[in-house]
Amino acid sequence: MLVEKNVPLQFSNTFGIMAKALTLVRIASEKDVADTLADPALQAAPKFVLGGGSNIVITGDVRSLVLKVEIMGKRLVEETAKAWIVEAGAGENWHDLVTWTLQNGFPGLENLALIPGTVGGSPVQNIGAYGVELQDRFESLDAIDLSTGKAFTLNAAQCAFGYRDSVFKHVSTGPNGLGLAGKALITRVRFALPKAWKPVLGYADIEKKMAQTPNTVPDALQIYEWICEIRKAKLPDPKVIGNAGSFFKNPTVSPEQCADIIAREPKIVHYHLADGSVKLAAGWLIDACGWKGKTIGNAGVYDRQALVLVNKGGTQQPVTGGEVMTLAKAIQTSVYERFGILLEPEPVVV
Ligand code: EPU
């Protein structure tokens, strides 16, 4: 177990915000967690689990003990009649896992290509893109309770997945309350990749790609390539322009609320959901308020996708967490004043 002091975090968060971890432990195995929890100098400290840093806004030096998850490994662990079960260490890069599964002939994760972050972060916010969510391919995960040191396994139902949501984003309420936020470290995740694979194509951007090529029966690798092209055209590469993906969730409203908004704003982009509610495109709401390309300090709204906030200061004068949150609040206020909708941020503020 390696304990480090005053570790720069600028290259451990995809916004590129400059901050330090006062104390950081690299977790390369389950044993490193056990050793940390057995160490008298570390066991009582509040802990912060850091994966790829792709969904966080750091607002100052991190005083909690940072557990930087670097558990590696990708392997086929089981083959059932219906699926290949692939297991990956929580520290593996998400996109590398997607690529590896496809190279090895296990389709199913292609729509989730190029999402920044690590495997361990993927169930926390139930990552999703182009019609597929992590929960559609999830089998189970292993985690360690950070207060007791006990290892446990959760299936999909126990993870309580929702839209960009899971049990790992909630603090428990009451003695029987569910909620593992800040309480557990995910060590390994298993995915069920279907043998009876069917492409998921019902998304406007993919349909546009289909229309441009003669290939009407794309395989998983073809879809993977299309998704990579779509994302590269629309979303900033965090290695070039710091960002944390979509900064707000797409809000859901009742059909009545939606009808009211459409009456005022006929062009609003919205999708009807199976449960009768309506999802609004947060990017459209922000764009309609004129935010595209606007900046506050070194925080900016990406000029090709208003839902993405970016670091305009690069690595030399990087954006601060305070600037990102000031911009986020200004956007929330203007969207609320015009549409009566309070946008909910996606990233965790540290
Ligand atoms: N739109 C605008 N202006 C903008 C941005 C979007 O008018 O500046 C409109 C678009 O024209 C489109 C609609 O809003 O009609 C939706 O935009 P898009 O297809 O880009 O998807 P999104 O809803 O903004 C979501 C996810 C993304 C995911 C894409 C593709 C959320 C919060 N975001 O974005 O996920 O990649 O769909 O499936 O659900 C992430 O979570 O970090 C993320 C990038």
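The structure displayed is predicted, hence computed values, not measured ones.

Thoughts on the environment of serine 122
Part 1: Tracing the backbone shows serine 122 in the loop between α2 (94–103) and β8 (128–129).
Part 2: For serine 122, a relative accessible area of 2% gives the class buried.
Part 3: Separated by 71 residues in the primary sequence, serine 122 and glycine 51 have C-alpha atoms spaced 9.7 Å apart.
Part 4: Excluding residues within four positions of it along the chain, serine 122 makes contact with Trp94, Ile127, Leu134 and Phe191.

Section: the site of the ligand
Part 1: Around the ligand, 24 residues are found, and the nearest of them are Tyr130, Tyr163, Asn250, Asp287 and Ala306.
Part 2: A distance of 2.8 Å separates an oxygen atom of the ligand from a polar side-chain atom of glutamine 305.
Part 3: Contact between the ligand and alanine 306: an oxygen atom at 2.8 Å from a main-chain N or O atom of the residue.
Part 4: Alone, the ligand offers 820 Å² of accessible surface; in the complex the protein occludes 82% of this.

So, the domain arrangement of the protein
Part 1: On domain assignment, one finds that the protein holds domain 1 (2–69), domain 2 (74–194) and domain 3 (243–349).
Part 2: When each unit is reduced to the centre of its C-alpha atoms, the spacing between domain 1 and domain 2 is 21 Å.
Part 3: Contacts between the two partners involve twelve residues from domain 1, matched on the other side by 15 residues from domain 2.
Part 4: Counting each side, the surface lost to burial between domain 1 and domain 2 is near 1100 Å², with a carbon and sulfur contribution of 68%.
Part 5: When the buried area of domain 1 at its contact with domain 2 is split by residue, Glu30, Leu37 and Val69 rank highest and sum to 41% of it.
Part 6: Where domain 1 touches domain 2, the interface holds one salt bridge.

Focus: the packing of aromatic side chains
Part 1: Counted by the stated rule, this structure contains eight aromatic pairs.
Part 2: For the pair tryptophan 84 and phenylalanine 106, a centre-to-centre distance of 5.4 Å together with 45° between the ring planes defines the contact as tilted. Remark: phenylalanine 106 occurs in the loop between α2 and β8 and tryptophan 84 occurs in strand β7 (residues 83–89); sequence separation between them is 22 residues. Just as tryptophan 84 is buried, phenylalanine 106 falls in that class too.
Part 3: Considering the side-chain rings of tryptophan 100 and phenylalanine 106, the 6.3 Å spacing of their centres and the 55° angle between planes classify their relative orientation as tilted.
Part 4: Judged by relative accessible area, phenylalanine 106 falls into the buried class, the value being 9%.
Part 5: For lysine 279, the ring lying beneath its charged end belongs to tyrosine 163, and the centroid distance is 3.4 Å.

Structural notes on the packing of helix α4 (residues 204–212) against helix α5 (residues 220–234)
Part 1: One way to put it is that α4 packs onto α5 with a least axis distance of 10 Å and a crossing angle of 115°. Both α4 and α5 take part in a crossing whose hand is right-handed. Contact with α4, carried on its side by Asp205, Ile206, Lys209 and Met210, involves Trp226, Ile227, Glu229, Ile230 and Lys234 of α5 and no other residues of that element.
Part 2: Split into classes, the residues belonging to the contact of α4 with α5 amount to five nonpolar, no polar and four charged.

Let's talk about the sheet that holds strand β19 (residues 308–311)
Part 1: Pairing is antiparallel across the open sheet formed by four strands, whose spatial order is β13-β19-β18-β17. Bordering the open sheet on either side are β13 (243–246) and β17 (295–296), each of which pairs with just one other strand.
Part 2: Here helix α8 (residues 321–339) sits on the sheet in contact with β17, β18 (299–301) and β19, set at roughly 40° to β18.

Comments concerning the environment of leucine 342
Part 1: Along the chain, the position of leucine 342 falls in the loop between α8 and β20 (348–349).
Part 2: Using a relative accessible area of 61% as the deciding quantity, one classes leucine 342 as exposed.
Part 3: As a C-alpha pair, leucine 342 and valine 310 span 32 residues in sequence and 21 Å in three-dimensional space.
Part 4: The residues touching leucine 342, leaving out its near neighbours within four places in the chain, are Gln332 and Tyr336.

Conventions and cut-offs
Residues numbered from 1 in each chain as written. Predicted model: local features only at pLDDT ≥ 70, side-chain atom pairs only at ≥ 80, totals over all residues. Heavy atoms only, no water. Helix = DSSP H or I, 4+ residues; strand = E, 2+ residues; numbered from the N terminus. Buried < 20%, exposed > 50% of the residue type's maximum accessible area, 1.4 Å probe, protein only. Contact = heavy atoms within 4.5 Å. Near = heavy atom within 4 Å. Polar contact = N/O pair within 3.5 Å; in protein donor to acceptor, adjacent residues only side chain to side chain. Areas by Shrake-Rupley, 256 points an atom, 1.4 Å probe, with all protein chains shown as cover. Domains from an automatic or database assignment. Buried area = accessible area lost by both parts, 1.4 Å probe. Salt bridge = Lys/Arg side-chain N within 4 Å of Asp/Glu carboxyl O. Phe/Tyr/Trp six-rings, centres within 6.5 Å; stacked < 30°, edge-to-face > 60°. Lys NZ or Arg CZ within 6 Å of the ring centre and 35° of its normal. Axes fitted to C-alpha atoms, helices over the stretch in contact; angles between N-to-C directions. Left-handed = near helix turned anticlockwise from the far one by under 90°. Nonpolar A, V, L, I, M, F, W, Y, C, P; charged D, E, K, R; others polar. Pairing = 2+ DSSP bridges.

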